[in-house]
Amino acid sequence: MKADKMTHPKIERHGEQWRYKKRVPGDLLPHFNGSKFLVFTTKTADQRAARAECVRWLADHETRFQVLRQMPGGGSSVPVRSGLSLLELGAVLADEVTRFKAEKLAADELAAERGLMGMGVMSPEFRLSLIGVDPDAARLAVQGFPEERAPFEALALRRMAGVGVALDASSDAARSAGIAFARASLEVAEVVKLRAAGGLDSTPNPLPRPAIAAPAPPVAAKGMHKLSEALAPWQAFKKPSPGSVEIYTAGVKVFEERFPDLYAETITKADVKAFVSKRMEEGKSPKTIEKEHGIIRALLTFAVEEGWRADNPASGVMLPKDTGGRKRRGYKPEELAALFKTDVFTKGARPIGGKGEAAFWLPLLAVFTGARREELAQLATDRVRVEAGVPYLALDPLDDSGRLKTDESRRAVPLHRELIRLGFLEFVEDCRRAGGGHLFPQLKPNKRGQYAAKFGDWWGRYVRDKAGVEDPMIAPMHSFRHSVITDLRQQRVREDEERQILGHTDRDGRGAQKDSHDGYGEHLVPTLAEVVNLISHRGLDLSGVKPYVSKSNGAICT
């Protein structure tokens, strides 16, 4: 770290004290169990004193980083060694634990030499911190505390993978290996304490790892195509959003990393089944496996279209069944009541993160339409229309990732009477007088084309901090959609009408409407208005919500 930055570190308030976050250098992440930041909390409320404490802490860590960089790197990419017996696995583990202890103690010798060359006398605790050993955590891990054992299990997985032995993170072998490394850390701590007290010890040199030549990269067969080459025709035909391209690219990369010698022409149904099995072994959820399988199937379809092969081997492959773990839920009536009693709705507060009037209208629109976050975030004045005297939103089929859905989900959603009472139409008219366009111009698209991503982050914090809704099963904006579906079902609304409002397909995968004309048709909007106005969320009282007041000067809507 440069001297000026060390002299004036940027500290932040943490309660009554001050703290500093230091990013761990990328080349040293393995020494910190993958943690990207170190956090130092001072013991004072005085800013100048806190900064002085922080400077000393930074100086210590710069020394620590230098020492860690001189430690043996350990392990390179090696072929996987499978089918080991318990005796063979134990022998590999014993060698790696011995190597680990020797490396740590060799690093401590380097630290001691630095002390002799000018750093002064170092305590055992400081020497152990320099080489990344936490004896207290190791002791608790050996005594059986799972939360303390986890870092040592992660260390064991990395070290064993470095010698070609891949352990299942949830296996008994991984737990035993983690405890072995925790015990090794305790042994290292005892030797370091002995050295610091002036005692002598016999430290073995680190065991050399055998040099293993990296396997040569597969040579592409003439006339063959990698599955990833189907991405180009897929993009040209589908014209997907940047977010979809990113998802598909990542999905096919997962497949090709596990089957680098396969080509679009040579993939068989057995290969696709093997991929599904491998992802199950890696602990991926049924939903993730289904998504990745869908990507492979879609790209193989384009391989057929390109004439690279005659069939799609991903079709008909059985996928793991979702066993029904906990799913997202809607807001309870009392949670909705708490949300709409907060300052944004009752006192006219407009926090910066809420992006102006979006903070007020997006949650209200969501709770009375069940529309997707992105559908609402991208609303413009020309999307608020009237048919047969009924105002409605002409929604486009966007999901929360900003991706276009099918044309069948393009639909009309009449405005609930509560939205009209609270002044939504007056707000829209103000925007029209100001020139029209986007209703919430402070919402800007990210690189994936999502207008509401940052708003969603802010709303999540607001829901938790201001309304006290902390259940992780709540998806702060999407849970409004769940709430509307629950309310419509309690009102015994016909399923086809429910699907029309929500933009869902029917059980056969067809759209709830025949075409987009049906979605915007005059004959449908008044009928749907009666259904929408049934939404009550079991008597949700919004009498305390401050209605929007029209700007007589036609001020720009923000």
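Bear in mind the structure is a predicted one, so any value in this text is a computation, not a measurement.

Visitor: Can you tell me about the pattern of salt bridges, naming the residues and giving the values?
Guide: In the structure shown here, the tally under the stated rule is 24 salt bridges. With its nearest N and O atoms 3.6 Å apart, the salt bridge here joins Arg 195 to Glu 109. Placement of the pair is Arg 195 in helix H7 (residues 172-196) and Glu 109 in helix H3 (residues 86-119), with a sequence separation of 86 residues. For Arg 195, a relative accessible area of 13% puts it in the buried group. The partly exposed category is assigned to Glu 109, whose relative accessible area is 39%.

Visitor: Talk me through the sheet that holds strand E6 (residues 411-414); I want residue IDs and the actual numbers.
Guide: Here 3 strands make up an open sheet; going across it, the order is E4-E5-E6 and the pairing antiparallel. If you trace the sheet from one side to the other, it starts and ends with strand E4 (384-387) and E6, each paired once. The mean inter-strand angle of the sheet, taken between neighbouring strand axes irrespective of direction, is 45°. With 4 bridges joining them, strand E5 (residues 390-395) and E6 adopt antiparallel strand pairing. The residue bridging Leu 393 from the neighbouring strand is Val 413, located in E6. Of the strands in this sheet, E4, E5 and E6 touch helix H22 (residues 525-532), which is tilted by about 50° from E6.

Visitor: Hey, could you go over empty space enclosed by the protein for me, with residue numbers and the actual values?
Guide: For the structure shown, the criterion picks out 1 cavity of 30 Å³ or more. Looking at the largest cavity, its volume works out to about 50 Å³. Forming the boundary of the largest cavity are Tyr 331, Lys 332, Pro 333, Leu 336, Ser 483, Thr 486, Asp 487, Gln 490, His 537 and Arg 538. Tallying contributions element by element places helix H19 (residues 478-490) first for the lining of the largest cavity, with 4 residues. Grouping the constituent residues of the lining of the largest cavity by class yields 3 nonpolar, 4 polar and 3 charged.

Thresholds applied
Residues numbered from 1 in each chain as written. Predicted model: local features only at pLDDT ≥ 70, side-chain atom pairs only at ≥ 80, totals over all residues. Heavy atoms only, no water. Salt bridge = Lys/Arg side-chain N within 4 Å of Asp/Glu carboxyl O. Helix = DSSP H or I, 4+ residues; strand = E, 2+ residues; numbered from the N terminus. Buried < 20%, exposed > 50% of the residue type's maximum accessible area, 1.4 Å probe, protein only. Pairing = 2+ DSSP bridges. Axes fitted to C-alpha atoms, helices over the stretch in contact; angles between N-to-C directions. Contact = heavy atoms within 4.5 Å. 1 Å grid on protein atoms, 1.4 Å probe; cavity = no way out; pocket = protein on both sides within 12 Å on 5 of 7 lines; lining within 4 Å. Points joined across faces, edges and corners; volume = space filled by probe spheres on them. Nonpolar A, V, L, I, M, F, W, Y, C, P; charged D, E, K, R; others polar.

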